[in-house]
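Residues per chain, in single letters:
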Amino acid sequence: MATVTFDKATRIYPGTERPAVDALDLHIEDGEFLVLVGPSGCGKSTSLRMLAGLEDVNAGRILIGDRDVTDVQPKDRDIAMVFQNYALYPHMTVADNMGFALKIAGMPKAEIRTRVEDAAKILDLTEYLDRKPKALSGGQRQRVAMGRAIVRNPQVFLMDEPLSNLDAKLRVQTRSQIASLTRRLGVTTVYVTHDQTEALTMGDRIAVLKDGLLQQVGTPRDMYDTPANVFVAGFIGSPAMNLGTFPVLDGMAQVGSAKIAVPRVVIDGFKPEDKNSVTLGFRPESLDVVAVETPDSLQVEVNIVEELGSDAFVYGSLLDQTGKPSQNISSGAGDAQIIVRVDPRQVPKMGSTIHVRMRPNEEHLFRAGTGERITTV
Amino acid sequence: MTTAYVALASSTLGQAASTLFGVVEAVGGFIAILLIVFFVAGRATGRLQRPIAIVVCLGPALFLVLLGLVIPAITTINNSLKNQQFLGELNTKYIGLKNYTYAFTDPYTQQTIIRTVLWLLIVPALAVFVGLLVALLVDRMRYASIPKTMVFLPTAISFVGASVIWSYVYNYKAPSLPQTGLLSEVVMKLGWSNPPNWLITVPLNTFLEMVIMVWIQAGFAMVILGAALKGIPDEIIESARLDGASGIKLFRTVQIPMIRTTLVVVVTTVMITTLKVFDIVFTINNGNFDTDVLARQMYADMFVTNQVSRGSALAVILFLAVTPLVYYNIRTLRREREIR
């Protein structure tokens, strides 16, 4: 078992100016399950492939344990990778697929067989060992790919969106299986996904990337409670956080028809690029539906109601003093949209207007200029 | 004189017009017949509808296949059982399988058969080896299209043209004279002062003729196998690299097994072409100096040395030899299609 360290690791693809991964600094503890998450093209897969040795590192170093593996061949890095499309060898049986790396390494046949059988037992694959991959279902193929990694008994598991080819139900099931399996084996795991739910449910820690730059690293709770910037705030959480930039006048921000008090530190910290505005974020679950006359309440015109059984979400427009929809707010539903979680047993009608109020201390404040979080406590 | 000229021109014009009219008439008549047939077939109802449709749709194609393939095949098999010498000879007798016995016992024909088998084994193996090698090496090159074009170009040259080109390469001049043959010049520059007369040296000449076939077929093998290699998903290659397979090992354990069906199809296709080789042997030496092969000897028996029945027997042997290859090829292709 080993730690993994990215030390200012950079990857610039030939013919491009901007690095795909820009000076990534990341330390992963022994036995830790770290999830790399971000939108497509953010450099998360490239980072993983750099660790695997499938991409060159143009600057910086990558260490596994204390060993610098920056220029080490992929096969000598003592890692195992699970690919998105599983990359099973179609001409080999399940057993041969799983034992291929050991066979190449020159391990005796009997020993390979025992190790393959042990892994197959863990993954419930024993009865499929003599089948070819094409005779397996998607979930079984996924398990074979996992088995191929386990059999090698590597220092680090690398997983590149291994669940994205499964149907929704199987994905949820396999998600928990992988999480518990890697923890039982105690192997350091780096897991790449674009799905923030996977990240929150599986990771010991999450690293969010955007445009090749690391945005924030932390536990799922950190990411949810104290996002470091507007991007992380909008990316983590489902449905996404409502975010809007509002001008501050006399210590109050004008949010729709309401005035919200802005803490002193925010105003004192204003820089020219902030233009006396603040970015305010509040999660759909931080809003309560209140009576019409409540002071400081926001008016939301209901466009769509999405009922999920346990929850219901209102997708609506934030109305300003004149009753017109406000444009300077956005959410997971798009620009000029606000999302509110409501009691699924008291769902408002479409087209009606509801009044909502932010729960105290559940708002997130960010600099309007840079998008960085403002610590108010 | 002018009038004569005009008269000539007008008569030429008249001829052209009447020819054109004849063509239009023939095509028109053909279309009219088709229309009538289809109209009648379309009107047919009830019990006769299906049989009429089958006859109308299948009939023309079946007729042409019969005329061009089945009847000649039967005639050839029939001829191979007779003692016919000339084409169109009357009063021929059936002599059983004597022509076949002759083919397998006559020393010259035996040599021909052995030589054809050698062609069949060596040429496909070499062509596929060269094609695969180029496909693999060129894959990582920067300007891959240039060497690929160079290797593929011979595929577009006719066998006769290729043979003429190579007969220049193999051209022999006494060592004291200025050399015109590329091969002689090269080996002499390399220090072999007295090279042989390539094309009459047995058995070297047969192998030199095989080189021409390999030259033509390697491009075909390269293109098909190159496409198959490209078709292997990158993820699988990367996965194999992580598993420790690289270079020859990767090639042997992953790439080759994954293009196996394509490989079989290419080998059998080149085999079929090789088995029918005629033009190269005919152009270079006309089968002399111990270079004869089945197709060339068959041609000579039929049209040169007046042994029609013996030639027919060779044709049947050739046909029987190709059949299993074609069958295997079709079966592999069909299985491939089932996988997809």
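Residues numbered from 1 in each chain as written. Chains lettered and ligands numbered in written order. Predicted model: local features only at pLDDT ≥ 70, side-chain atom pairs only at ≥ 80, totals over all residues.

**Overview of the overall build of chain B**
For clarity, the cut-off: Numbering of helices and strands runs from the N terminus, with a helix taken as a DSSP run of H or I at least four residues long and a strand as a DSSP run of E at least two residues long. Think of it this way: build a C-beta for each residue from its backbone, and any pair within 7 Å is a contact.
Along its length, chain B carries 14 helices and zero strands. Listed N to C, the secondary structure of chain B is α-α-α-α-α-α-α-α-α-α-α-α-α-α in terms of helices and strands. With the principal axes as the frame, chain B shows a C-alpha extent of 70 × 65 × 60 Å. A separation threshold of at least 6 residues defines the contact pool for chain B, and within that pool the share at least 24 residues apart is 65%.

**Comments concerning the overall build of chain A**
Rules: Whether a residue is buried, exposed or partly exposed is read from the other C-beta atoms within 10 Å of its own C-beta, which are placed from the backbone; 20 or more gives buried, 12 or fewer gives exposed, and intermediate counts give partly exposed.
The number of helices and strands found in chain A is nine helices and 22 strands. Taken over the C-alpha atoms alone, chain A extends approximately 80 × 45 × 35 Å along its principal axes. Counting all 377 residues of chain A, 42% fall into the buried class. Put simply, of all contacts in chain A between residues at least 6 apart along the chain, 67% involve residues at least 24 apart.

**Focus on the confidence of the model for chain B**
Stated formally: The pLDDT score gives, residue by residue, the confidence of the prediction method on a 0 to 100 scale.
On average, residues of chain B score 87 in pLDDT, and 96% of them reach the 70 mark or higher. Mean pLDDT across the elements of chain B bottoms out in helix α1 (residues 2-43) of chain B (80) and peaks in helix α6 (residues 159-169) of chain B (94).

**Description of the nonpolar core**
Counted only if it meets this: Among buried residues, those of type Ala, Val, Leu, Ile, Met, Phe, Trp, Tyr and Cys that are joined through C-beta atoms within 7 Å form a set called a nonpolar core.
Counting residues in each nonpolar core, the largest one holds 156 residues, and the members touching the most others are Leu36, Met81, Val156, Leu158, Val190 and Val340 of chain A together with Ala221 of chain B. When residues of this core are assigned to their parent elements, the largest contribution, 11 residues, is made by helix α8 (residues 204-230) of chain B. Look past the residues within four positions of Val156 of chain A in its chain and what remains in contact with it is Ala2, Val4, Ile64, Ile79, Val187, Thr188 and Val190 of chain A.

**Remarks on the sheet that holds strand β20 (residues 338-342) of chain A**
All names here are of chain A. Short version of the rule: In this scheme, strands are said to pair when DSSP sees at least two bridges between them. Between N-to-C directions, angles span 0 to 180 degrees; the directions come from axes that are lines fitted to C-alpha atoms, helices contributing only their stretch in contact.
Within the open sheet, the five strands sit side by side as β15-β21-β16-β17-β20. Their pairing is antiparallel. Edge positions in the sheet fall to β15 (287-290) and β20, since each has one partner strand and no second. Mean inter-strand twist for the sheet, computed between neighbouring axes without regard to direction, equals 50 degrees.

**Details of the confidence of the model for chain A**
Within chain A, residue pLDDT values average 90, and 99% of them lie at 70 or more. Highest mean pLDDT in chain A belongs to strand β3 (residues 33-37) of chain A (95); lowest belongs to strand β19 (residues 334-335) of chain A (80).

**Examining the interface of chain A and chain B**
A common way to report how large an interface is uses the accessible area buried once the components associate. Keep this limit in mind: Residue classes follow a fixed rule: Ala, Val, Leu, Ile, Met, Phe, Trp, Tyr, Cys and Pro count as nonpolar, while Asp, Glu, Lys and Arg count as charged, and any other residue, Gly among them, counts as polar.
In this assembly, 15 residues from chain A lie in contact with 14 residues from chain B. For the side of chain A that touches chain B, the element with the most residues is helix α2 (residues 94-104) of chain A, which contributes three residues. Of the residues belonging to the side of chain A that touches chain B, the class tally is 12 nonpolar, two polar and one charged.

**Looking at the pairing of strand β9 (residues 205-210) of chain A**
All names here are of chain A. Summarising the sheet, β3 and β9 pair through four bridges and their orientation is parallel. Counted as the bridge partner of Val35 is Ile206 from β9. When β9 meets strand β10 (residues 213-218), the two strands line up antiparallel, connected through five bridges. The residue bridging Lys210 from the neighbouring strand is Leu213, located in β10. With antiparallel pairing between neighbouring strands as the criterion, β9 and β10 make up a hairpin whose turn holds two residues, including Asp211 at a positive phi of roughly 50 degrees.

**Focus on the sheet that holds strand β7 (residues 156-160) of chain A**
All names here are of chain A. An order of β6-β7-β8-β3-β9-β10 is seen for the six strands of this open sheet, with the pairing classed as mixed. Edge positions in the open sheet fall to β6 (79-82) and β10, since each of these has one partner strand only. Direction aside, the axes of adjacent strands within the sheet are offset by 15 degrees on average.

**Let's talk about the environment of Gly281 of chain A**
Residues and elements named next belong to chain A. Tracing the chain through its elements places Gly281 in strand β14 (residues 277-282). C-alpha of Gly281 to C-alpha of Thr245: the two residues are 36 residues apart in sequence and 8.8 Å apart in space. Leaving out residues up to four positions away in the same chain, Gly281 has contacts with Ala233, Met241, Asn242, Leu243, Glu363, His364 and Phe366.

**Things to note about the packing of helix α3 (residues 109-123) of chain A against helix α4 (residues 138-151) of chain A**
Residues and elements named next belong to chain A. Spelled out, the test is: Note on terminology: angles under 35 degrees are roughly parallel, angles over 145 are roughly antiparallel, angles of 65 to 115 are roughly perpendicular, and the others are oblique. By convention the crossing between two helices is left-handed if the near helix lies anticlockwise of the far one by an angle smaller than a right angle, and right-handed if it lies clockwise.
Viewed as axis vectors pointing N to C, α3 and α4 meet at an angle of 135 degrees, and their least axial separation amounts to 9 Å. On the basis of their axis angle, the class for α3 and α4 is oblique. Of the two possible hands of crossing, α3 and α4 adopt the one that is right-handed. Counting all contacts with α3, which are made through Arg115, Val116, Ala119, Ala120, Ile122 and Leu123, the residues of α4 involved are Arg143, Met146, Gly147, Ile150 and Val151. Residue composition of the contact of α3 with α4, by class: eight nonpolar, one polar and two charged.

**With respect to unusual backbone geometry**
The residue after Ser238 of chain A, namely Pro239 of chain A, is reached through a cis peptide bond having omega -5 degrees. Turning to its location among the elements, Pro239 of chain A is positioned in the loop between α8 (230-235) and β11 (242-249). Note that the residue after Val202 of chain B, namely Pro203 of chain B, is joined by a cis bond; omega there is 0 degrees. Relative to the helices and strands, Pro203 of chain B is located in the loop between α7 (182-189) and α8. The backbone of Asp124 of chain A shows a phi angle near 65 degrees, a positive value even though the residue is not glycine.

**Here's the deal with helix α2 (residues 49-80) of chain B**
Stated formally: A helix is expected to span 1.5 Å multiplied by its residue count minus one.
Across its 32 residues, α2 of chain B extends 43 Å between first and last C-alpha, which sits within 8% of the 46 Å expected from 1.5 Å per residue. Burial analysis of α2 of chain B places just two of its 32 residues in the buried class, which makes it a mostly uncovered element.

**Quick notes on the environment of Asn165 of chain A**
Take Asn165 of chain A: it is sitting in the loop between β7 and α5 (168-185). Not counting residues within four places of it along the chain, the set of residues in contact with Asn165 of chain A comprises Gln84, Asn85 and Gly138 of chain A.

**Points about the packing of helix α4 (residues 107-139) of chain B against helix α11 (residues 260-275) of chain B**
Residues and elements named next belong to chain B. α11 packs onto α4 with a crossing angle of 140 degrees between their chain directions and a minimal axis gap of 9 Å. Accordingly, the angle class assigned to the pair α4 and α11 is oblique. For the crossing formed where α4 meets α11, the hand is right-handed. Contact residues: α4 offers Thr116, Trp119, Leu120, Val123, Pro124, Ala127 and Val128, while α11 offers Val266, Val267, Val270, Met271, Thr274 and Leu275. Here the contact of α4 with α11 is composed, by residue class, of 11 nonpolar, two polar and no charged.

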